[in-house]
Amino acid sequence: MSDEKVWVIQAQQGSDEAFAQLVEIYHKPVFNLCYRMLGESEAAEDAAQETFLRSYQNLPRYDVSRPFGTWLLSIAAHYCIDLLRRKKFTIFSMDVETDEGATFELPDASAPDPETESVKKEQRDRLHLLLKELDSTDRAALVLRYWYDFSEVEVAQSLNLTVSAVKSRLHRARRALAGMWQKEPMPGMQPERRAYETPAF
Amino acid sequence: MKHQPFEEWLLNETSLTPEQKRELDLHVRSCVYCSALLETEMVLRSARMIAPAEGFAARFRVYLAERKLADRRRRGWGAVLFLITGLPVLFWLLSPLLSRFPASPSAWIVSLVEWGIFIVTTVQAMSQAGEVLLKVLFGFMPPFVWLIVVSAFAGISLLWSVSIWRFTRVPQGV
């Protein structure tokens, strides 16, 4: 039995220490999901804390045959979707990813030269800003699919959707992103730089 | 070849043959939309994990302790409120029985039956009074007022049902 399963079972039996181990393992993926969904590090911190609290309260109902990470991210995604629906009529800003302050990018072991890295960072910042334009469930599907490498079946299970609904949401989200991407060219981007120069497959 | 299959390939992340890859490459050079679709996919795939500020787990421990304390306080206040409001009602309901507490078992049974009859007759009287009131009101109130009253009751019932559902449902994903 893996350490994680042991901690989950111990936590279900009431061990706060075991649950603390689970928080230690999963706080980054949960925070990242909340950050991608909500766009602000402060809101993401609160949402991540709330996600762990909800999972703590609902641990007795957790089915150990299901991957703990998927269950946890599913709680986080639903919480963020609910939060965004409630905030639908209030305006809130999206942070630009920053290396300073409350959020930190995890170091990339295969970091290329600084210029390429700078262009990539600009693209990531831009994508982060465009994500807020998407419907909250579409955004969650996209984040789970591309950041967490979830299969369409896993995304469907996490968001309580059918696989065909996930496919359709992913297509809609990607079409919308591409539409916005081509409408607003990246400032300072070289016109001769073509995306297709890097093979996709 | 038309635009549609290329878009489908990109959206479905289809595994392509070398020939199809060449065709796609040629298409993407001339199609701004497919180029954007491909570029956004690459950016999505290259996006990194964002980590919270140091000490998240410690902050969560504090948050959890605060929430546990708040829950204990809320339960405590709930129990106090229940006792304050529930006990007088309980005493009022049991007062006919309590007044005969020292009496014999037969007197107990008699008072229990009397109390039951009192409850039943009160309910009957109230329903009859309601019926009479409704008959009188039917003559006074025009149909549109009834429509408003029924709609208001339906609205309140719906609101009540939704509120109960919202408070009792298990959060999704759990």
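Our subject is the structure that appears above.
So, how was this worked out
Residues numbered from 1 in each chain as written. Chains lettered and ligands numbered in written order. Predicted model: local features only at pLDDT ≥ 70, side-chain atom pairs only at ≥ 80, totals over all residues. Heavy atoms only, no water. Helix = DSSP H or I, 4+ residues; strand = E, 2+ residues; numbered from the N terminus. Buried < 20%, exposed > 50% of the residue type's maximum accessible area, 1.4 Å probe, protein only. Contact = heavy atoms within 4.5 Å. Areas by Shrake-Rupley, 256 points an atom, 1.4 Å probe, with all protein chains shown as cover. Phe/Tyr/Trp six-rings, centres within 6.5 Å; stacked < 30°, edge-to-face > 60°. Lys NZ or Arg CZ within 6 Å of the ring centre and 35° of its normal. Salt bridge = Lys/Arg side-chain N within 4 Å of Asp/Glu carboxyl O. Polar contact = N/O pair within 3.5 Å; in protein donor to acceptor, adjacent residues only side chain to side chain. Nonpolar A, V, L, I, M, F, W, Y, C, P; charged D, E, K, R; others polar. Disulfide = S-S within 2.5 Å. Patch = residues over 30% accessible without salt bridge, like charges linked within 9 Å, V, L, I, M, F, W, Y side chains within 5 Å. Axes fitted to C-alpha atoms, helices over the stretch in contact; angles between N-to-C directions. Parallel < 35°, antiparallel > 145°, perpendicular 65-115°, else oblique. Left-handed = near helix turned anticlockwise from the far one by under 90°. Core = buried A, V, L, I, M, F, W, Y, C linked by side-chain atoms within 4.5 Å.

**Some details on the overall build of chain A**
Thinking step 1. Helix and strand content of chain A: eight helices and one strand.
Thinking step 2. Of the regular secondary structure in chain A, the N- to C-terminal order runs α-α-α-α-β-α-α-α-α.
Thinking step 3. Within chain A, the proportion of its 201 residues that are buried is 50%.
Thinking step 4. Sequence separation of 24 or more characterises 67% of the internal contacts of chain A that already satisfy a separation of 6 or more.
Thinking step 5. Counting every atom, chain A has about 9800 Å² of accessible surface; 52% of that belongs to carbon and sulfur.

**As for the packing of aromatic side chains**
Thinking step 1. Following the criterion strictly, the structure yields 11 aromatic pairs over all chains and no others.
Thinking step 2. Ring geometry for Phe31 of chain A against Tyr35 of chain A: centres 6.1 Å apart, planes inclined by 10 degrees, an arrangement best described as stacked. Of this pair, Phe31 of chain A and Tyr35 of chain A both sit in helix α2 (residues 16–38), four residues apart, which is roughly one turn of the helix. The pair Phe31 of chain A / Tyr35 of chain A is uniform in exposure class, with both members buried.
Thinking step 3. What links up through ring pairs into an aromatic cluster is the set Phe19, Phe52 and Tyr56 of chain A together with Phe56 and Phe60 of chain B.
Thinking step 4. When the ring centre of Trp181 of chain A is taken as origin, the NZ or CZ atom of Arg126 of chain A, which lies over that ring, is 4.0 Å away.

**Regarding the interface of chain B and chain A**
Thinking step 1. At the junction of the two partners, chain B supplies 51 residues and chain A supplies 62 residues.
Thinking step 2. Taken together, the links from chain B to chain A amount to seven salt bridges.
Thinking step 3. Applying the counting rule to chain B against chain A returns 17 residue pairs in polar contact (both at pLDDT 80 or more).
Thinking step 4. The set of elements that each furnish at least two residues to the side of chain B that touches chain A consists of α1 (3–12), α2 (18–30), α3 (32–46), β1 (50–51) and α4 (56–99) of chain B.
Thinking step 5. Considered class by class, the residues forming the side of chain B that touches chain A number 28 nonpolar, seven polar and 16 charged.

**Topic: the state of the cysteines**
All names here are of chain B.
Thinking step 1. The final tally for this structure, using the stated rule, is zero disulfides over all chains.
Thinking step 2. Cys31 carries a free sulfur, and the closest cysteine sulfur to it, the one in Cys34, is 3.7 Å from it.
Thinking step 3. Overall, the relative accessible area of 14% leaves Cys31 in the buried class.

**Describing a nonpolar patch on the surface**
Residues and elements named next belong to chain B.
Thinking step 1. A surface patch of nonpolar side chains, about 1000 Å² in accessible area, is lined by Phe82, Leu83, Leu87, Val89, Leu90, Phe91, Trp92, Leu93, Leu94 and Leu98.
Thinking step 2. Mapped onto the elements, Leu90 comes out in helix α4.
Thinking step 3. When its relative accessible area of 46% is taken as the criterion, Leu90 is described as partly exposed.

**Points about the packing of helix α1 (residues 3–12) of chain A against α2 of chain A**
All names here are of chain A.
Thinking step 1. Where α1 meets α2, the closest approach of the two axes is 8 Å, and the angle between their N-to-C directions is 135 degrees. It follows from the interaxial angle that α1 and α2 lie oblique. Every pair of crossing elements has a handedness; the one defined by α1 and α2 is left-handed. Contacts from Glu4, Trp7, Val8, Gln10 and Ala11 in α1 reach Ala18, Phe19, Gln21, Leu22, Ile25 and Tyr26 in α2.
Thinking step 2. Within the contact of α1 with α2, the residues separate by chemical class into eight nonpolar, two polar and one charged.

**Let's talk about unusual backbone geometry**
Thinking step 1. Even without a glycine there, the phi angle at Asp149 of chain A is positive, about 55 degrees.
Thinking step 2. Of note, Asp149 of chain A is situated in the loop between α6 (136–146) and α7 (152–159).
Thinking step 3. Assessed through its relative accessible area of 56%, Asp149 of chain A is described here as exposed.
Thinking step 4. We note that Glu13 of chain B has phi near 50 degrees; this positive angle belongs to a residue other than glycine.
Thinking step 5. Mapped onto the secondary structure, Glu13 of chain B falls in the loop between α1 and α2.
Thinking step 6. Among the residues examined, Glu13 of chain B registers a relative accessible area of 22% and is labelled partly exposed.

**As for the nonpolar core**
Thinking step 1. Among the nonpolar cores identified, the biggest contains 79 residues, and Phe19, Val30, Leu33, Phe52, Phe68 and Leu142 of chain A are the most heavily contacted of them.
Thinking step 2. Leave out the neighbours within four places in its chain, and Val30 of chain A touches Ala48, Thr51, Phe52, Leu72, Leu73 and Ala76 of chain A.

**Observations concerning the side chain of His27 of chain B**
Thinking step 1. Structurally, the position occupied by His27 of chain B is in helix α2.
Thinking step 2. Among residues more than four places away in sequence, those in contact with His27 of chain B are His3, Phe6 and Cys34 of chain B.

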